[in-house]
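Fold and geometry: a report
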Amino acid sequence: MTPKKRKTEQKAHKLIYDSGEEGHLQSELWKILDITNREASRIVKKFMEKGSIRRERVLNNGRWTYRIFPLKESVSLDSIEGCPCLVCPNVDKCFRGGKNDPTKCMNLTAWVDPRIKPLTINNI
Ligand code: SF4
């Protein structure tokens, strides 16, 4: 696959996933991506084979088209933003029962429950 095709697929993927439950009209999607119907069909077929989208036939302005919906949740790192383990110098030595134990770590606990005061990174 050429870098240009890969980039187009990535853009299509993002547009479909960002549309959420509302979905995206296939005919509009390809205009946004500025690609041909043939290229569009190839991308849709690929996504459907992967099980990442579903299509629903809909009537739009008197013409039949498809509305495309994402089937899988888009992966986001938002849920781990600010997690102290991401920058912890002891992450490779941290395990249950060890000197650095995630079940006893005040920094991790404070991240999970902001009412608890965290320690400084040097105190881990
Ligand atoms: S010591 Fe705490 S902050 Fe560091 S990796 Fe373990 S649980 Fe995460």
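Quick caveat: nothing in here was measured; it's all calculated off a predicted structure.

Attention shifts here to the packing of helix α1 (residues 3-19) against helix α2 (residues 26-33). Running from N to C, α1 and α2 cross one another at 135°; their axes reach a closest spacing of 11 Å. Relative to α2, the element α1 is oriented oblique. As for the relative orientation of α1 and α2, their crossing is right-handed in sense. Along the contact surface, α1 presents T8, K11, A12 and L15, while α2 presents L29, I32 and L33. Looking at the contact of α1 with α2 residue by residue, the class counts come to five nonpolar, one polar and one charged.

Contacts to the ligand come from 12 residues, most closely from C85, C88, C94, P102 and C105. Residue classes in the shell around the ligand are distributed as nine nonpolar, three polar and no charged.

Further remarks concern the pairing of strand β2 (residues 53-60). The pairing of β2 with strand β3 (residues 63-70) spans eight bridges and is classified as antiparallel. What sits directly across from R54, in β3, is F69. Taking the residues between adjacent antiparallel strands as the criterion, β2 and β3 are bridged by two residues, where N61 takes a positive phi near 55°.

What links the strands of a sheet is backbone hydrogen bonding, and the strands pair in either a parallel or an antiparallel sense. Sheet architecture is open: three strands sit in the order β1-β3-β2, paired in antiparallel fashion. One side of each edge strand has no neighbouring strand; the edge strands of this open sheet are β1 (24-25) and β2.

So, about the domain arrangement of the chain. Here the chain is described as being made up of domain 1 (3-70) and domain 2 (78-123). Between the C-alpha centres of domain 1 and domain 2 the distance comes to 41 Å.

Criteria and thresholds
Residues numbered from 1 in each chain as written. Predicted model: local features only at pLDDT ≥ 70, side-chain atom pairs only at ≥ 80, totals over all residues. Axes fitted to C-alpha atoms, helices over the stretch in contact; angles between N-to-C directions. Helix = DSSP H or I, 4+ residues; strand = E, 2+ residues; numbered from the N terminus. Parallel < 35°, antiparallel > 145°, perpendicular 65-115°, else oblique. Left-handed = near helix turned anticlockwise from the far one by under 90°. Contact = placed C-beta atoms within 7 Å. Nonpolar A, V, L, I, M, F, W, Y, C, P; charged D, E, K, R; others polar. Near = placed C-beta within 6 Å. Pairing = 2+ DSSP bridges. Domains from an automatic or database assignment.

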